[in-house]
Amino acid sequence: MTPRIWAVLPAAGRGTRFGGEVPKQYLEAAGKTLIAHALDALLSHPRVDGAMVALAADDLRWPGWTSRHGKPLLRCTGGGERADSVLAALRALPGDVDEDALVLVHDAARPNLRAADLNRLIDVASAHADGAILGAPVRDTLKRADADARIVATEPRSALWRAFTPQAFRRGALTSALERARAEGVLVTDEAMAMERTGAHPALVEGREDNLKVTTPADLALAEYLLARLTE
Ligand SMILES: Nc1ccn([C@@H]2O[C@H](COP(=O)(O)OP(=O)(O)OP(=O)(O)O)[C@@H](O)[C@H]2O)c(=O)n1
Ligand SMILES: C[C@](O)(CO)[C@H](O)COP(=O)(O)O
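Residues numbered from 1 in each chain as written. Chains lettered and ligands numbered in written order. Predicted model: local features only at pLDDT ≥ 70, side-chain atom pairs only at ≥ 80, totals over all residues. Heavy atoms only, no water.

## Points about the nonpolar core
Then, number 1: Judged by nonpolar contacts, the single largest core of 32 residues is most densely connected at Leu9, Ile35, Leu39, Val53, Trp62 and Leu104.
Then, number 2: Breaking this core down by element, the ones donating at least two residues are strand E1 (5–11), helix H1 (34–43), strand E4 (50–55), strand E7 (102–105), helix H3 (115–127), strand E8 (132–137), strand E11 (161–170) and strand E12 (203–206).
Then, number 3: Here this core gets six residues from one element, more than from any other, and that element is H1.
Then, number 4: In this view, Leu104 contacts Ile5, Trp6, Ala7, Val8, Leu42, Val48, Leu118, Ile122, Pro166, Gln167 and Ala168; residues no more than four positions away in its chain are not counted.
Then, number 5: Residues Ala83, Leu93, Val105 and Leu174 belong to the second largest nonpolar core, which totals 26 residues. (Core = buried A, V, L, I, M, F, W, Y, C linked by side-chain atoms within 4.5 Å. Buried < 20%, exposed > 50% of the residue type's maximum accessible area, 1.4 Å probe, protein only. Helix = DSSP H or I, 4+ residues; strand = E, 2+ residues; numbered from the N terminus. Contact = heavy atoms within 4.5 Å.)

Listed below in structure tokens is the structure:
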């Protein structure tokens, strides 16, 4: 039987680097909120069965959706860090989403996920026991800076990639890896980091560099441009 695939969206952040009153995942670009773009990209995929969204406890912006694209759209309360929100969502998944189900963890702040990238990620992650993430090779020269923003070194970049989302792993393995990192007091900034700590070697799937995470207002302007003009 083909393992089920569920999306997990951490959406409990406050957007402090963005500023403003409204958490950035509820800001609009090209006529839809960032979280709606992210949900539509995932739930419109024929192999994705449903989505679990981790929200802030006092989130007044969530429109209360319970389904989208004819699929279940569930919610839970996130945590203080992104990793806590992801773990809460994994724990809140329905009981029939078993340990071998593939979970696609995707930032609600990344509105520009394209179907071709999602397809390739699902194909690779379904075949690779250690899972897979979308990313792109670093294409700029990287500098190491001192406390005064003075260059102290140029870092070798040939083997470096930028990690994007979705990040795709088996539910059981990812839940255990995140619980282990938390128990050991290690703050992981993505799911792959937690898996790497267990000895896993997730695959990197090269994706479009415009799968940007909206972090600052300039990112929102770029997202607006991309979402309003690009086709698949
Ligand atoms: N405790 C947290 C922190 C972040 N996120 C989510 O993780 C994604 C990526 O995080 P980031 O871009 O850092 O969002 P914020 O934490 O809101 O931004 P900032 O760090 O500027 O406050 C976002 O969809 C955000 O909502 C979350 O679910 N729970
Ligand atoms: C998960 C992530 O988007 C991969 O690049 C990134 O680590 C999130 O970082 P943030 O500081 O929580 O936005």
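## Notes on the site of ligand 1
Then, number 1: Within the structure, ligand 1 sits among 19 residues, and Gly15, Thr16, Arg17, Lys24 and Ser85 are positioned closest to it.
Then, number 2: In the model, an oxygen atom of ligand 1 is placed 2.7 Å from a nitrogen or oxygen of the Thr16 side chain.
Then, number 3: Take Lys24: an N or O atom from its side chain is 2.7 Å from an oxygen atom of ligand 1.
Then, number 4: For ligand 1, the accessible surface in isolation is 560 Å², of which the surrounding protein chains cover 88%.
Then, number 5: In this structure the site holding ligand 1 corresponds to the largest pocket.
Then, number 6: Residue assignment for the shell around ligand 1 shows that the elements contributing at least two residues are E1 and helix H2 (82–92).
Then, number 7: Here the shell around ligand 1 is built from residues that sort into five nonpolar, seven polar and seven charged. (Near = heavy atom within 4 Å. Polar contact = N/O pair within 3.5 Å; in protein donor to acceptor, adjacent residues only side chain to side chain. Areas by Shrake-Rupley, 256 points an atom, 1.4 Å probe, with all protein chains shown as cover. 1 Å grid on protein atoms, 1.4 Å probe; cavity = no way out; pocket = protein on both sides within 12 Å on 5 of 7 lines; lining within 4 Å. Sits in = over half its atoms within 2 Å of the grid points. Nonpolar A, V, L, I, M, F, W, Y, C, P; charged D, E, K, R; others polar.)

## Brief notes about unusual backbone geometry
Then, number 1: Here the bond from Thr165 into Pro166 is cis, since omega is 10°, no more than 30 degrees from zero.
Then, number 2: Positive phi, close to 50°, is recorded for Ala30, a residue that is not glycine.
Then, number 3: Summarising the element assignment, Ala30 is placed in the loop between strand E2 (28–29) and strand E3 (32–33).

## Observations concerning the pairing of strand E9 (residues 142–145)
Then, number 1: Taken together, the four bridges between E9 and strand E10 (residues 151–155) define a ladder with antiparallel strand orientation. Note that in E10 the partner of Lys143 across the bridge is Thr154.
Then, number 2: Here E9 folds back onto E10, and the loop between the two strands holds five residues, one of which, Ala149, carries a positive phi near 60°. (Pairing = 2+ DSSP bridges.)

## Focus on the environment of Val97
Then, number 1: Looking at the secondary structure, you find Val97 in the loop between H2 and E7.
Then, number 2: For the pair Val97 and Arg4, spaced 93 residues apart in the sequence, the C-alpha separation amounts to 6.8 Å.
Then, number 3: Setting aside residues up to four positions removed in sequence, Val97 forms contacts with Arg4, Trp6 and Arg171.

## Remarks on the layout of surface pockets
Then, number 1: In this structure, the largest pocket spans a volume of roughly 680 Å³.
Then, number 2: In terms of lining, the largest pocket is formed by 29 residues, of which the most central are Gly13, Arg17, Lys24, Arg82 and Lys213.
Then, number 3: Among the secondary structure elements, those contributing two or more residues to the lining of the largest pocket are E1, H2 and E11.
Then, number 4: The dominant element in the lining of the largest pocket, judged by the number of residues it contributes, is E11, at four residues. (Points joined across faces, edges and corners; volume = space filled by probe spheres on them.)

## Details of the UniProt feature "site: Positions MEP for the nucleophilic attack" (unreviewed entry) in the protein chain
Then, number 1: If you check UniProt for "site: Positions MEP for the nucleophilic attack" (unreviewed entry), the listed places come out as Arg157 and Lys213 in our numbering. Restricting the annotated residues to those that line the largest pocket leaves Lys213.
Then, number 2: Residues in contact with Arg157, not counting those within four places in the same chain, are Val138, Arg139, Asp140, Thr141 and Leu142.
Then, number 3: Structurally, the position occupied by Lys213 is in the loop between E12 and helix H6 (217–229).
Then, number 4: On the basis of relative accessible area, Lys213 is assigned to the partly exposed category, the value being 27%.
Then, number 5: Excluding residues that lie within four positions of it along the chain, Lys213 makes contacts with Arg17, Asp107, Ala109, Arg110 and Asp219. (UniProt positions renumbered as here; feature names shortened; annotations may be inferred.)

## Observations concerning the pattern of salt bridges
Then, number 1: Applying the stated criterion to the full structure yields 18 salt bridges.
Then, number 2: The salt bridge involving Asp58 is made with Arg14; its shortest N-O contact spans 3.1 Å. Here Asp58, found in the loop between E4 and strand E5 (67–68), pairs with Arg14, found in the loop between E1 and E2; they are 44 residues apart in sequence, far enough to count as distant.
Then, number 3: The partner of Arg91 in a salt bridge is Glu179, with the nearest N and O atoms 2.9 Å apart. Linking Arg91 in helix H2 with Glu179 in helix H4 (residues 171–183), this pair joins segments that are 88 residues apart in sequence.
Then, number 4: Look at the salt bridges and you will find they share partners, linking Arg82, Asp107, Arg110 and Glu191 into a network. (Salt bridge = Lys/Arg side-chain N within 4 Å of Asp/Glu carboxyl O.)

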